Amino acid sequence: MSTHVHVVRAGDGRRLTVPDADITVLVGGGHVGGAYEVFLVEAPRRTPGPLHAEPWSKSYHMLRGRILVQAGDTGYELAPGETIVIEAGTINTFTVLSPTTAFLLVVAGAANSGFFAELDAVGHGHRPEDEPRMLHEVADRYGVALATGAGAS
């Protein structure tokens, strides 16, 4: 019998920066046979990312701060200890209501870490005027649909 264990110590994990947050990969899909991924999302209060829909289901579990999650036509305010589940294909975004926030993001499948890694790469070594186009290209590659007229995030 074999045992497969993955331990992430405090401060460990691959750290990525996307336009609206810092993301730490805690559990990549490779650790769990592609079933899911877990991320620590830390974000300051700023303009939210655009409304978008991903081809994967996800949940947010609040650790600190407060956010407003727009999912479909409804806004849901979340505080520490609260969780929201968003089904694949649901138009959504979040707005940080407190000075900063931290939450766990659990995503079905194993594509999201690649998506975040590509978003992180756009912010390094590219001309700022090229970034919106590049962000849209990344979203398209991963099947993330941006709401009509939305900028990339």
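Structure first, text after, so check above.
Residues numbered from 1 in each chain as written. Predicted model: local features only at pLDDT ≥ 70, side-chain atom pairs only at ≥ 80, totals over all residues. Heavy atoms only, no water.

**Points about the overall build of the protein chain**
Consideration 1: Across its full length, the protein chain carries two helices and 11 strands.
Consideration 2: Reading the protein chain from its N end, one meets helices and strands in the order β-β-β-β-β-β-β-β-β-β-α-α-β.
Consideration 3: In summary, the protein chain has a C-alpha radius of gyration of 15 Å against a globular reference of 15 Å for 153 residues, a match within 12%.
Consideration 4: Dimensions of the protein chain, computed from the C-alpha atoms along their principal axes, are close to 55 × 35 × 30 Å.
Consideration 5: A burial count over the protein chain gives 40% of its 153 residues as buried.
Consideration 6: Counting contacts in the protein chain only where the partners sit at least 6 residues apart, residues at least 24 apart contribute 63% of the total.
Consideration 7: Here the protein chain has roughly 8,100 Å² of accessible surface; of this, 54% comes from carbon and sulfur atoms.
Consideration 8: In the protein chain, 11 positive and 17 negative side-chain charges are present, and the distance between their average locations comes to 6 Å. (Helix = DSSP H or I, 4+ residues; strand = E, 2+ residues; numbered from the N terminus. Rg over C-alpha atoms; globule rule 2.2 N^0.38 Å. Buried < 20%, exposed > 50% of the residue type's maximum accessible area, 1.4 Å probe, protein only. Contact = heavy atoms within 4.5 Å. Areas by Shrake-Rupley, 256 points an atom, 1.4 Å probe, with all protein chains shown as cover. Lys, Arg positive; Asp, Glu negative; His and termini not counted. Charge placed at Lys NZ, Arg CZ, Asp CG, Glu CD.)

**Focus: the environment of A43**
Consideration 1: Turning to its location among the elements, A43 is positioned in strand 3 (residues 36–44).
Consideration 2: By relative accessible area, A43 is classed as buried at 3%.
Consideration 3: Each C-alpha atom of the pair A43 and I23 lies 8.7 Å from the other, and the pair is 20 residues apart in sequence.
Consideration 4: Apart from the residues lying within four places of it in its own chain, the contact partners of A43 are D20, A21, F94, V96, T100 and T101.

**Looking at empty space enclosed by the protein**
Consideration 1: Per the counting criterion, the structure on display carries two cavities of 30 Å³ or more.
Consideration 2: In this structure, the largest cavity spans a volume of roughly 290 Å³.
Consideration 3: Together, 23 residues line the largest cavity, and D20, H52, E54, K58 and F116 are the ones closest to its centre.
Consideration 4: Taken together, the elements giving at least two residues each to the lining of the largest cavity come down to strand 2 (21–27), strand 5 (58–64), strand 9 (92–96), strand 10 (100–108) and helix 1 (112–122).
Consideration 5: Here the lining of the largest cavity gets four residues from one element, more than from any other, and that element is helix 1.
Consideration 6: For the lining of the largest cavity, the per-class residue count stands at 16 nonpolar, four polar and three charged.
Consideration 7: Taken as a whole, the second largest cavity holds about 30 Å³ of empty space. (1 Å grid on protein atoms, 1.4 Å probe; cavity = no way out; pocket = protein on both sides within 12 Å on 5 of 7 lines; lining within 4 Å. Points joined across faces, edges and corners; volume = space filled by probe spheres on them. Nonpolar A, V, L, I, M, F, W, Y, C, P; charged D, E, K, R; others polar.)

**Description of the nonpolar core**
Consideration 1: Counting 33 residues, the largest nonpolar core has Y60, I67, V69, F94 and F116 as the members making the most contacts within it.
Consideration 2: Considering every element that reaches this core, the biggest residue donor is helix 1, with five residues.
Consideration 3: Other than its neighbours up to four places away in sequence, F116 contacts L16, V18, I23, F39 and L105. (Core = buried A, V, L, I, M, F, W, Y, C linked by side-chain atoms within 4.5 Å.)

**Focus on the packing of helix 1 against helix 2 (residues 131–141)**
Consideration 1: For the pair helix 1 and helix 2, the least separation of the axes is 10 Å and the interaxial angle reads 170 degrees. Judged on the interaxial angle alone, helix 2 and helix 1 are roughly antiparallel. Contacts from F115, E118, L119 and V122 of helix 1 reach helix 2 at E131, M134, L135, V138, A139 and R141.
Consideration 2: When its residues are assigned to classes, the contact of helix 1 with helix 2 shows seven nonpolar, no polar and three charged. (Axes fitted to C-alpha atoms, helices over the stretch in contact; angles between N-to-C directions. Parallel < 35°, antiparallel > 145°, perpendicular 65-115°, else oblique.)

**Looking at the side chain of E54**
Consideration 1: With respect to the element layout, E54 can be found in the loop between strand 4 (52–53) and strand 5.
Consideration 2: Polar contacts involving the side chain of E54 include one to the side chain of K58, which spans 2.7 Å. (Polar contact = N/O pair within 3.5 Å; in protein donor to acceptor, adjacent residues only side chain to side chain.)

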